[in-house]
Every structure is written in structure tokens, then in C-alpha cells.
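Report on the structure
Listed here are the chains, written in short residue letters.
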Amino acid sequence: MQPLNGQRALVTGAARGLGFEIAKALAKAGAEVFMNGRDRDALDIAAAQIDGAVHVAAFDINDEKPAIDAINQNGPFDLLINNVGQRDRRPLQGFSKSDAARLLDTNLVAPFFLAQQVAARMKPGNAIVNITSIAGPISRGGDAVYTMAKGGLDALTRALAAELGPDGIRVNAIAPGYFATEANNAMTDDASIADWLSQRTSLGRWGQPHEIAGAAVFLCSPAASYITGQTLAVDGGYLSHF
């Protein structure tokens, strides 16, 4: 089945990890996919691994003019996946104000800006999906700014759903749990973390990157036509497991 035939999708942070898997799944579902990232060479390599209508849109989501230019040149888009995220784990007193502002710009302000720009040319039935984190609804020490940003992205998802709903545009989010992506290589190689996840999650394991794909395709598709303002946790049961 190709429920996204005729849809044009922009996926940020698509050169690797969850963004790559989402781009791949959207293309398989029939969408014309524009893969975003800062490294054009990495994007070209990633795009060559995907069957379907795939294009490279290299720009920094924090750089306003190039982002606007890319959206104007490649748009309009029917689907936007705000996937880019940065993490900086350190104690509260280790952050400067500029450190916090930098993470908020990437994890929260940039998704707001891209949604604003893309939604201006969207049509009824189009959709935005923000990739948040289980660090939005829960928290731990040494991760305050990332948690703040992802909690804000959850709130932004609801706010955009309320504002864009009258235009027929749906806005939802996916909150990934522990996924064995390239960015987590050091953690996935640690047997103690695997043992901890075996006790902490209902499914007892790391998520594999391709396991994010179904949720993304679903929320973008007509099958989710009456779903908006929601955050779907794809976490192997982490949030629900005591």
C-alpha cells in the first residue's frame, strides 16, 4: 500500500538515524521526499540508499534565510517531519545562558519556524509531525535543557494543532524512547544499559531505528485523519512500565 501517493514531504535531519528511516518509509509509502541536513555529501549518500522519489535539501535549520530559500524553492510541502535534535548532557550549573539558547534554538525554535513557513502553503489534509522524546514528559538529572526543549515541543505540537486545525492541517508528535541509532553507539555497546533496558521497558530491549517508521507513516496518512494534537510514544513501553 502507498497511502502517501502524491504527497511531498520535508524531513529534517534525514542523513542518518531516525530521520533516515522516516524518509525511507515515507518514500516507500509513495511520498516525494526532500531530505534535509547540513552535510550535502552525507545526504547524497543517504538518498542513494532509498528507492523512490527522493531529493536532497541541504540547509541549516537554524539559518533563517537559507531555510526560507530552500522551502520556497522546493515547496510547497504536504508533510513536514521536524526531526532534527541536539542533546547536551551536563549538570545544571554547567550550562551558560548561551548554551541553553543554542539547544532551544535547534530543538524548539527551529521546528516552530519551519512549521510556520511550511504551513503557510499547506492545504487541508496535510500534516506536521514533530519528533520529541520521552524526555519531554519525564526527566532525570543532568539533562535539564534538553528536557525543557522537548517538553516545549510537546506543547508546541498542541498549540499548532489548535491553530492549524481550522485549516484542516493536523499536527502530532512522536516521542521515541531508547533507539539503537549511530548517535547512541557508545550506549548500545554498553552491556549494562542493555541489561537495564531489559528491566525498565515492557519489551525489554533497545528499539531498532526502522521501528520508528510505522508511526511516522501512520500519522502522515489518511488513516490518522481525525488525530491531531497528540504525542505517540514509541518507546517499547518505557513510559508505561513500572
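Notes on the structure in this doc start here. Because the structure is predicted, anything quoted here is derived from the model rather than measured.

**A word on the layout of surface pockets**
When its volume is computed, the largest pocket comes out at roughly 1300 Å³. Around the largest pocket, the lining comprises 46 residues; the ones closest to its centre are Asn83, Gly85, Gln86, Tyr146 and Ala183. Contributing elements (two or more residues each) for the lining of the largest pocket: helix H1 (17–28), strand S2 (32–37), helix H2 (40–47) and helix H5 (144–164).

**Regarding the packing of aromatic side chains**
Taken as a whole and judged by the stated rule, the model has 5 aromatic pairs. Between the aromatic rings of Tyr178 and Trp196, the centroid separation amounts to 5.5 Å while the plane-to-plane angle is 75 degrees, which identifies the pairing as edge-to-face. Remark: Trp196 occurs in helix H7 (residues 191–200) and Tyr178 occurs in the loop between strand S6 (170–176) and helix H6 (185–188); sequence separation between them is 18 residues. Of the residues examined, Trp196 reaches a relative accessible area of 32% and is grouped as partly exposed. Measuring from centroid to centroid gives 5.8 Å for Tyr178 and Trp206, while their planes differ by 70 degrees, and the two rings are edge-to-face. With Tyr178 in the loop between S6 and H6 and Trp206 in the loop between H7 and helix H8 (213–220), this pair connects stretches of sequence that are 28 residues apart.

**Regarding unusual backbone geometry**
The omega angle of the peptide bond from Gly75 to Pro76 is 0 degrees, so this bond is cis rather than trans. Within the element layout of this structure, Pro76 appears in the loop between helix H3 (64–74) and strand S4 (79–82).

Here is what the cut-offs are and how they apply
- Going along each chain's sequence as written, the residues are numbered from 1 onward.
- Predicted model: local features are reported for residues with pLDDT of at least 70 only, side-chain atom pairs are reported and counted for 80 or more only, and whole-chain, interface and lining totals are derived from all residues.
- To get the side-chain values, take all heavy atoms of the structure and skip hydrogens and water.
- Put plainly, a pocket is an open set of points on a 1 Å grid over the protein atoms alone with protein on both sides within 12 Å along at least five of seven lines, a cavity is a set where a 1.4 Å probe fits but cannot get out, and a lining residue has an atom within 4 Å of a point.
- Grid points are joined across faces, edges and corners, and a volume is the space filled by probe spheres set on the points.
- The numbering of helices and of strands both runs from the N terminus, where a helix is a DSSP run of H or I of at least 4 residues and a strand a run of E of at least 2.
- Pairs were defined over the aromatic rings of Phe, Tyr and Trp, the Trp ring being its six-membered one, requiring ring centres within 6.5 Å. Orientation was assigned from the angle between planes: stacked under 30 degrees, edge-to-face over 60, tilted for the rest.
- With a 1.4 Å probe rolled over the protein chains alone, any residue whose accessible area is under 20% of its type maximum counts as buried; one over 50% counts as exposed, and the rest are partly exposed.

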